[in-house]
Amino acid sequence: MTFQSLREMSDAVKPAATVLSDRVSVSDTGAVTGALVDRLVWTSVFGQDAELRGTARWIVRSLAAAAGIRPASIHDLYMAMGRGDAGGFTVPAINVRAMSYDTARAVVRAAKQLKAGAFIFEIARSEIGYTEQRPHEYVAVVLGAALREGFSGPLFIQGDHVQTNAKKYNSPDRDQELTGLRALIKEEIAAGFYNIDIDTSTLVDLDKPTLAEQQEVNVNLAAEFTSFIRKHQPSGIIVSVGGEIGEVGGKNSDVHELHAYMDGYNAALKRRGATLVGLSKISVQTGTAHGGFINADGTLRMDVKIDLQTLAELSRVAREDYRLAGAVQHGASTLPPEAFDAFPRVGACEIHLATNFQNMVYEHAQFPADLKRGMYEWVRANAQEERKPTDTEEQFLYKARKKALGPFKRKMWELDDEARRAIGRTLEEQFTFLMTKLKIPGTAPVVARFVKAPAVAIDREKEIVAAGGKITAAEKKAEGLAD
């Protein structure tokens, strides 16, 4: 690191901490002002070079750890739910895409007010590309948001849909695809993603005659990736791993498929190591779609019917037969408001929420109309891979506008304070509503009871190296899931 970068960061954090060559010595957490955190998070994302960005991230992580905010695995809480020692709530897993710092701050404000601890920040493989947020940056932003809002306790950060691309897997590019997934898993774990959802459900072959044969590739790859995760997780941490029975948006799952997946997966994992720890949860399909179902005029359908009876049965069997926390519901953020209190009632352990928060930013009265027009013009010119022949213009723009979030990230972060506060308040109201419906208020004590967040070494040089990572053109164009 250059002397100038070190001096800039040292000057920035006084009198709260002293930046030394190998560590950040925090002398007064009370002196960590909001303005300081804002500056550090901004530098973590937009600093002029990798040294400055990486150093800022190193300091954010150090200040957060000193304040009792550390990345953690939700595995032990989910095992307690599987045993029946905890439960009665559904954990929201929130994908943060647009205006990530302001959105994450709104999540934390809602959780802190409700004394909630059982919530997850997540980002999917495809979202990393089109939102231009590599894992180390994402963690710095989330930890910074928690620090800014005075949160304390374990923070769950998840790699959502670490997903195989079926077209690439079934081509000469198979090895390259699998190597890329392993590299992503290593990068996520190194950044502090101690919760990873393996999604090899794209490789389920429903044309095979038996359920076991249909799930064969899915379960074997899921077991292989689980073994890979166990080899790379930090000492003292059991990364929470999720599996997926079948593609969300396809046919609804049933109990027979759950048994076929879990029995096949457990056998495949045992072949790789008799003592390897397996899954903590299982994702299923019950009638939703990632991003919602879109009308021709670009509005969301509100008549989506979820098979709650199946969700309840799958969750029950997952707990009773396999001691998992339960079933996970994807594609739920665009459901009507009255739908959400059903999930804890039927025993869903986790629910994935994303697209509607992006919608709320785009459609907010304080979001600049000229910025939105510019983003839509960019989408028409650069995101045609999202357009289907049957799409109306409105349907195409709704589905494709997520691809503009990365190219326009800085412009969105630079909205004036009034607009950012107004959008943040609206998001906070929605997070408060969802958390209440999902019954996570008051879960901070149960999280503290079951979850430990061991101190993991915070390495400045590794943060700097990670800060030099680029989003490739292929990643920006990647087609992928969007809950």
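In the block above lies the structure referred to throughout.
Here is what the cut-offs are and how they apply
- Residues numbered from 1 in each chain as written.
- Predicted model: local features only at pLDDT ≥ 70, side-chain atom pairs only at ≥ 80, totals over all residues.
- Heavy atoms only, no water.
- Axes fitted to C-alpha atoms, helices over the stretch in contact; angles between N-to-C directions.
- Helix = DSSP H or I, 4+ residues; strand = E, 2+ residues; numbered from the N terminus.
- Left-handed = near helix turned anticlockwise from the far one by under 90°.
- Contact = heavy atoms within 4.5 Å.
- Nonpolar A, V, L, I, M, F, W, Y, C, P; charged D, E, K, R; others polar.
- Buried < 20%, exposed > 50% of the residue type's maximum accessible area, 1.4 Å probe, protein only.
- Core = buried A, V, L, I, M, F, W, Y, C linked by side-chain atoms within 4.5 Å.
- Polar contact = N/O pair within 3.5 Å; in protein donor to acceptor, adjacent residues only side chain to side chain.
- Phe/Tyr/Trp six-rings, centres within 6.5 Å; stacked < 30°, edge-to-face > 60°.
- Lys NZ or Arg CZ within 6 Å of the ring centre and 35° of its normal.
- 1 Å grid on protein atoms, 1.4 Å probe; cavity = no way out; pocket = protein on both sides within 12 Å on 5 of 7 lines; lining within 4 Å.
- Points joined across faces, edges and corners; volume = space filled by probe spheres on them.
- Parallel < 35°, antiparallel > 145°, perpendicular 65-115°, else oblique.
- Salt bridge = Lys/Arg side-chain N within 4 Å of Asp/Glu carboxyl O.
- Pairing = 2+ DSSP bridges.
- Right-handed = clockwise from strand over helix to strand, strands pointing away.

*Asks:* Help me understand the packing of helix α11 (residues 255–272) against helix α12 (residues 308–322) in this model?
*Replies:* How two helices sit against one another is set out by the angle between their axes and by the gap between those axes. For the pair α11 and α12, interaxial distance at closest approach is 10 Å and the crossing angle is 35°. α12 is crossed by α11, and the crossing has right-handed handedness. On the side of α11, the interface is formed by V255, L258, H259, M262, D263 and N266, while α12 contributes E313, L314, V317, A318, D321 and Y322. Counted by class, the contact of α11 with α12 contains seven nonpolar, two polar and three charged residues.

*Asks:* What is the right way to read the environment of I74 from this model?
*Replies:* Secondary-structure assignment places I74 in the loop between β3 (69–72) and α4 (75–83). Looking at I74, the relative accessible area reads 0%, which means it is buried. Other than its neighbours up to four places away in sequence, I74 contacts V91, I120, F156, N195 and S240.

*Asks:* What should I look at first to understand the nonpolar core in this one?
*Replies:* Taken as a class, soluble globular proteins show a tendency for nonpolar side chains to be buried jointly. Within the largest apolar cluster, 150 residues are counted, with the highest numbers of intra-cluster contacts made by L77 and F121. If one sorts the elements of this core by residue count, helix α7 (residues 135–148) sits on top with eight residues. Residues within four places of F121 in sequence aside, it is in contact with I94, V96, A104, V107, V108, Y138, V142, L155, F156, I157 and Q158.

*Asks:* So what exactly am I meant to see when it comes to the side chain of Q358 here?
*Replies:* Summarising the element assignment, Q358 is placed in helix α14 (residues 355–362). One polar contact links Q358 to R97, side chain to side chain, over a distance of 2.7 Å. In this view, Q358 contacts R97, R401, K402 and L405; residues no more than four positions away in its chain are not counted.

*Asks:* Teacher, can you tell me more about the packing of aromatic side chains here?
*Replies:* Centre distance and the angle of the planes are the two values used to describe a pair of aromatic rings. This model, assessed by the stated rule, comprises twelve aromatic pairs. Here the aromatic rings of F46 and W413 are separated by 5.3 Å at their centres, their planes lie at 85°, and the arrangement is edge-to-face. Pair noted here: F46 is in helix α2 (residues 34–46) and W413 is in helix α17 (residues 409–413), with a separation of 367 residues, a long-range link. Its relative accessible area of 16% is what places F46 among the buried residues. A relative accessible area of 8% means that W413 is categorised as buried. Taking the ring centre of Y101 as reference, the NZ or CZ of R105 above it sits at 5.6 Å.

*Asks:* Would you explain empty space enclosed by the protein in this entry?
*Replies:* With a probe scaled to a water molecule rolled over the atoms, the places where space remains empty come into view. Taken as a whole, this structure holds two cavities of 30 Å³ or more when the rule is applied. The computed volume of the largest cavity comes to approximately 50 Å³. What lines the largest cavity is simply R97, A98, M99, S100, T131, Q133, L405, G406, K409, M412 and W413. Ranked by residues supplied to the lining of the largest cavity, first place goes to α17 with three residues. Of the residues that constitute the lining of the largest cavity, the class distribution is five nonpolar, four polar and two charged. By volume, the second largest cavity is sized at about 50 Å³.

*Asks:* What is the right way to look at the environment of L211 in this model?
*Replies:* Along the polypeptide, L211 turns up in helix α10 (residues 211–232). What makes L211 partly exposed here is its relative accessible area of 31%. Taking the C-alpha atoms as reference points, L211 and A260, 49 residues apart in sequence, are found 6.1 Å from one another. Among all residues touching L211, those that are not within four sequence positions of it are H256, E257 and A260.

*Asks:* What am I meant to see in the packing of α14 against helix α18 (residues 417–437) here?
*Replies:* At their nearest, the axes of α14 and α18 sit 10 Å apart, and the two run at 150° to each other. The orientation of α14 relative to α18 falls into the category roughly antiparallel. Crossing angle aside, the handedness with which α14 passes α18 is right-handed. Contacts from N356, F357, M360 and V361 in α14 reach I423, T426, L427, Q430, F431 and L434 in α18. Taken together, the residues of the contact of α14 with α18 sort by class into seven nonpolar, three polar and no charged.

*Asks:* Would you explain the pattern of salt bridges in this entry?
*Replies:* The final tally for this structure, using the stated rule, is 29 salt bridges. Put simply, E177 and R125 hold a salt bridge, and the shortest N to O gap is 2.9 Å. A residue pair is termed long-range when its members are at least 10 positions apart, and E177 in helix α9 (residues 174–191) and R125 in helix α6 (residues 125–130) qualify at 52 residues. In this structure, the salt-bridge partner of K281 is D197, at a minimum N-O distance of 2.9 Å. With K281 in strand β9 (residues 281–284) and D197 in strand β7 (residues 195–199), this residue pair connects regions lying 84 residues apart in the sequence. We classify D197 as buried; its relative accessible area is 5%. Taken together, the shared-partner salt bridges connect R105, R109, E149 and E428 into one network.

*Asks:* Any chance you could explain the pairing of β7 here in plain terms?
*Replies:* Across a regular strand the side chains alternate sides, sitting on one face of the sheet and then on the other. Burial analysis of β7 places five of its five residues in the buried class, the great majority of the element. In β7, alternate side chains face the same way, and those of N195, D197 and D199 on one face and I196 and I198 on the other are all buried. Across four bridges, the pairing between strand β6 (residues 153–163) and β7 is parallel. Bridging across to β7, Q163 finds its partner in D199. One ladder, built from three bridges, connects β7 with strand β8 (residues 240–244); its direction is parallel. Its bridge partner being in β8, N195 is matched across the sheet by S240. In the classification by handedness, the crossover that spans β7, the intervening α10 and the parallel β8 is right-handed.

Interpretation note: all reported values are geometric properties and have no functional meaning in isolation.
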